[in-house]
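# Commentary on secondary and tertiary structure
Okay, here's what each chain looks like letter by letter:
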Amino acid sequence: MHEEKAAPGVVNTDRFVAICRKNNLKLTPQRLMLYRELAGSHEHPSAEKLYRMAKRHFPSISFDTVNRTLLTFSRIGIVKIVEGKGDPRRFDPNLSEHHHFRCTRCDRIEDIFEPVFDRLEIPPDVGKRFRISGKKVILEGLCPACQER
Ligand SMILES: [Zn+2]
Ligand SMILES: [Zn+2]
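Here we summarise the structure given alongside this text. (Residues numbered from 1 in each chain as written. Chains lettered and ligands numbered in written order. Predicted model: local features only at pLDDT ≥ 70, side-chain atom pairs only at ≥ 80, totals over all residues. Heavy atoms only, no water.)

### Notes on the overall build of the protein
For the protein, the helix and strand inventory stands at seven helices and five strands. Secondary structure elements of the protein occur, N-terminal to C-terminal, as α-α-α-α-β-β-β-β-α-α-β-α. Across its three principal directions, the C-alpha atoms of the protein cover 50 × 45 × 25 Å. For the protein, the proportion of its 149 residues judged to be buried stands at 36%. Long-range pairs, those at least 24 residues apart, make up 50% of the contacts in the protein with a sequence separation of at least 6. (Helix = DSSP H or I, 4+ residues; strand = E, 2+ residues; numbered from the N terminus. Buried < 20%, exposed > 50% of the residue type's maximum accessible area, 1.4 Å probe, protein only. Contact = heavy atoms within 4.5 Å.)

Written as structure tokens, this is what we have:
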């Protein structure tokens, strides 16, 4: 299912630290904690969910701080915002090429690593109209848990 099984606590922060340095983003304990929480999660959490996780470490942290930090992370390329319809915004720490399954009932988002999808070709007329910089397959339907309900 997942290629990298990083559990919270064994997250490698070298890359994170390097990108922060390059962008002159100060390495605060709050930022480091947020990155660790996000990188250790496979749920593509929303800002709201990360805010709840963050409060366990820094009880006085505000939602606004969490949200702004996440947007900064995405601007400098530390995380990706999951595209797709609907709020709230969801964040993805995995920058390698992969695809998503989204459950239409419980909103779970799972990573799909599938060479067949990676190889999907851009139709020539589409490629002429747009300057394509990436592609992602988003499958929708019911996750295993929701199928049983
Ligand atoms: Zn589901
Ligand atoms: Zn993902």
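After that view, the rundown keeps rolling.
### What about a nonpolar patch on the surface?
Judged by side-chain polarity, Ile-122, Val-126, Phe-130 and Ile-132 come together as a nonpolar surface patch covering roughly 290 Å² of accessible area. Its place among the elements puts Val-126 in helix H6 (residues 124-129). Judged by relative accessible area, which is 30%, Val-126 ranks as partly exposed. (Patch = residues over 30% accessible without salt bridge, like charges linked within 9 Å, V, L, I, M, F, W, Y side chains within 5 Å. Areas by Shrake-Rupley, 256 points an atom, 1.4 Å probe, with all protein chains shown as cover. Salt bridge = Lys/Arg side-chain N within 4 Å of Asp/Glu carboxyl O.)

### A closer look at the pattern of salt bridges
Throughout the structure, instances matching the rule amount to five salt bridges. One salt bridge connects Asp-64 with Arg-68, and the closest N-O pair in it is separated by 3.2 Å. On the criterion of helical spacing, the pair formed by Asp-64 and Arg-68 is a turn pair, its members being four residues apart in helix H4 (residues 63-75). Across the pair Glu-97 and Lys-135 runs a salt bridge, and its minimum N-O distance is 4.0 Å. In this pair, Glu-97 is assigned in the loop between strand S2 (90-92) and strand S3 (99-103) and Lys-135 in the loop between H6 and strand S5 (138-141), connecting sequence segments 38 residues apart.

### Side note on the coordination of the zinc ion (ligand 1)
The protein atoms donating to the zinc ion (ligand 1) are Cys-103 (SG), Cys-106 (SG), Cys-143 (SG) and Cys-146 (SG), with metal-donor distances spanning 2.3 Å. Geometry at the zinc ion (ligand 1) is tetrahedral, judged from its four donor atoms and the angles of 105 to 115° they form at the metal. Between consecutive donors of the zinc ion (ligand 1), the numbers of intervening residues give the motif C-x2-C-x36-C-x2-C. One end of the pair, Cys-106, is in the loop between S3 and strand S4 (109-112); the other, Cys-143, is in the loop between S5 and helix H7 (144-148), with 37 residues separating them in the sequence. (Donors = N, O, S within 2.8 Å, 3.2 Å for Na, K, Ca; no water. Tetrahedral: all angles 85-135°; square planar, octahedral: opposite > 155°, others 65-115°.)

### As for the coordination of the zinc ion (ligand 2)
Ideal values for angles at a metal depend on the geometry: 109.5 degrees with four tetrahedral donors, 90 or 180 degrees with six octahedral donors. Only His-44 (NE2), Asp-92 (OD), His-98 (NE2), His-100 (NE2) and Asp-111 (OD) from the protein reach the zinc ion (ligand 2) as donors, at distances of 2.0 to 2.2 Å. Each donor residue of the zinc ion (ligand 2) lies on one chain, and together they are spaced H-x47-D-x5-H-x1-H-x10-D. Residue His-98 is located in the loop between S2 and S3, and its partner Asp-111 is located in strand S4; the two are separated by 13 residues in the primary sequence. With a relative accessible area of 3%, His-98 lands in the buried category. The class of Asp-111 is buried, set by a relative accessible area of 6%.

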